[in-house]
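Examination of the molecular architecture
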Amino acid sequence: MVLTLDDTKRTAIASKLADMKALQELLIANEQTFLSECSDQDICKCLQDMLEDDRKNMGILETVIVQYGVQGEPKQTTTEMIKEIHKLMEGSELTLFEKVGQHELLKHQQVMSGLLVHKAAQVVGADIEVAITPLNTVNFENRAHQEQLKGVLEILGVRELTGKNPDQGLWARVQDAVAALTGVAGSVISRADDEMNIQDVIRMDHMKVNTLFMEIAGTEDPQKIQEFFGQIYKDLTVHAKAEEQVVYPAVRPFYSDTQELYDEQAEMQVQLDEIKSLSPSSPQFKEKVSQLKEKVMDHVRQEESTMFTAIRNNCSDEQKEQLATQFKAAKSQLQTQLAASMK
Ligand SMILES: [Fe+2]
Ligand SMILES: [Fe+2]
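Since the model is a prediction, treat every value here as computed from it, not as a measurement.

Section: the domain arrangement of the protein chain
Assigned domains within the protein chain: domain 1 (8–193) and domain 2 (198–342). Here the C-alpha centre of domain 2 lies 33 Å away from the C-alpha centre of domain 1. Taken together, the contacts link 18 residues of domain 1 with 19 residues of domain 2. Of the roughly 1600 Å² buried between domain 1 and domain 2, counting both surfaces, carbon and sulfur atoms make up 46%. Of all residues in domain 1, V66, Q67 and Q71 bury the most surface against domain 2, accounting for 35% of the area lost on that side. The tally of links between domain 1 and domain 2 comes to two salt bridges. Between E227 and K9 there is a salt bridge whose closest N-O contact spans 3.0 Å. Between the two partners, domain 1 and domain 2, sit 16 residue pairs in polar contact (both at pLDDT 80 or more). Secondary structure elements with two or more residues in the side of domain 1 that touches domain 2: helix 1 (8–37), helix 2 (41–68) and helix 5 (126–132).

Shown next, in the form of structure tokens:
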């Protein structure tokens, strides 16, 4: 059995996440269009809040995609559908009621995609569940948006048909439903995406790789071992390079053990490539993986203890958040390079 680093299931989920990102762009564009066409103050306020949520959720989706560690392209049919709907939304054939009705269907689609990714993650691997956890926020908010849109649709529809306002029954119920949903979402959201600092994003990667090591330890199926190792190889390579590009140079002036971290990562890369040349069904494979795990976990402990302390003592909140943004961007670029080099 020859080791390959790509896995069909994981690529399919990457494509679904890319679909979600493309759809999120459409949702944002639609809401901007509605705001320019809408004259009702309450509805405008509701749409404005939704737009802000959706912009924030776009950031979360981008974080999840980087965290997931496999990049994908949206399906061609998705791209075409989005282009068609975008044209309709910008045009004047549809009434505002009809446009918002279409928008509500798209929200539904986004909710279902989010749920589907969660269900698929449960089947494929715990590491994916770890990577996509922030998607919960997006799903909860989209469900709340769906309820709000029903209220908006009632008002717009009755006005278009009768020229009169409906009684406010549904609008009030909608606000209650939204409050309930937001309560649930509130307990899920630990941090807004834009508040994540460099320690948070590094820790998320460490948790994910630890999960992958446990997944390998827990199976004897060579196919599964190959799949999990493929993900470890990609994640560790990208994580280490991004640290070397963004984090280590930033901490070097105040953290004297930085060189040690560089050296350890060079050794890890040698081990990774050595394992990559083995067959996942060979007896040495798991032994080499557990040696790698030991090394990685030592390294992780050092980063999370002394390096994090040095960062806490020497960087402002703003610097820590800026490092997180740079780290995520570096990872995204490195993932693209790595995928291209493996083709
Ligand atoms: Fe590191
Ligand atoms: Fe690290």
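Description of the coordination of the iron ion (ligand 2)
In the first shell of the iron ion (ligand 2), the protein supplies H206 (NE2), H239 (NE2), E243 (OE) and E303 (OE), at 2.1 to 2.2 Å from the metal. Angles of 78 to 168° at the metal separate the four donor atoms of the iron ion (ligand 2), which places the site in the irregular class. Each donor residue of the iron ion (ligand 2) belongs to the same chain, and together they define the spacing H-x32-H-x3-E-x59-E. Among the residues examined, E303 registers a relative accessible area of 0% and is labelled buried.

Focus on the coordination of the iron ion (ligand 1)
On the protein side, the iron ion (ligand 1) has E243 (OE), Y248 (OH), Q265 (OE1), H299 (NE2) and E303 (OE) as donor atoms, found 1.9 to 2.3 Å from it. Taken in chain order, the donor set of the iron ion (ligand 1) reads E-x4-Y-x16-Q-x33-H-x3-E.

Concerning the packing of helix 2 against helix 8 (residues 198–217)
Where helix 2 meets helix 8, the closest approach of the two axes is 11 Å, and the angle between their N-to-C directions is 40°. With respect to helix 8, the element helix 2 is oriented oblique. Seen along the crossing, helix 2 lies across helix 8 with a hand that is right-handed. Between helix 2 and helix 8, the residues in contact are T63, Q67 and Y68 and M204, D205 and K208, respectively.

Considerations on the packing of helix 9 (residues 222–251) against helix 10 (residues 258–276)
Contact geometry for helix 9 and helix 10: axes closest at 11 Å, N-to-C directions at 160°. When the axes of helix 9 and helix 10 are compared, the pair comes out roughly antiparallel. Classified by chirality, the crossing of helix 10 by helix 9 is left-handed. In contact with F229, I232, Y233, L236, T237, A240, E243, E244, Y248, P249 and V251 of helix 9, helix 10 contributes T258, L261, Y262, Q265, Q269, L272, D273, I275 and K276.

Brief notes about the nonpolar core
Core analysis: the largest hydrophobic core is formed by 25 residues, its most contacted members being I198, I202, V247, M307, I311 and F327. When residues of this core are traced back to their parent elements, those giving at least two are helix 8, helix 9, helix 10, helix 11 (283–314) and helix 12 (317–342). Beyond its immediate stretch of four places on either side in the chain, F327 contacts I198, V201, I202, D205, H239, A242, E243, V246 and V247.

Things to note about the side chain of N30
Mapping N30 onto the fold places it in helix 1. Sequence-distant contacts of N30, defined by excluding residues within four places in its chain, comprise M89, H103 and L106.

Rules behind the numbers
Residues numbered from 1 in each chain as written. Chains lettered and ligands numbered in written order. Predicted model: local features only at pLDDT ≥ 70, side-chain atom pairs only at ≥ 80, totals over all residues. Heavy atoms only, no water. Domains from an automatic or database assignment. Contact = heavy atoms within 4.5 Å. Buried area = accessible area lost by both parts, 1.4 Å probe. Salt bridge = Lys/Arg side-chain N within 4 Å of Asp/Glu carboxyl O. Polar contact = N/O pair within 3.5 Å; in protein donor to acceptor, adjacent residues only side chain to side chain. Helix = DSSP H or I, 4+ residues; strand = E, 2+ residues; numbered from the N terminus. Donors = N, O, S within 2.8 Å, 3.2 Å for Na, K, Ca; no water. Tetrahedral: all angles 85-135°; square planar, octahedral: opposite > 155°, others 65-115°. Buried < 20%, exposed > 50% of the residue type's maximum accessible area, 1.4 Å probe, protein only. Axes fitted to C-alpha atoms, helices over the stretch in contact; angles between N-to-C directions. Parallel < 35°, antiparallel > 145°, perpendicular 65-115°, else oblique. Left-handed = near helix turned anticlockwise from the far one by under 90°. Core = buried A, V, L, I, M, F, W, Y, C linked by side-chain atoms within 4.5 Å.

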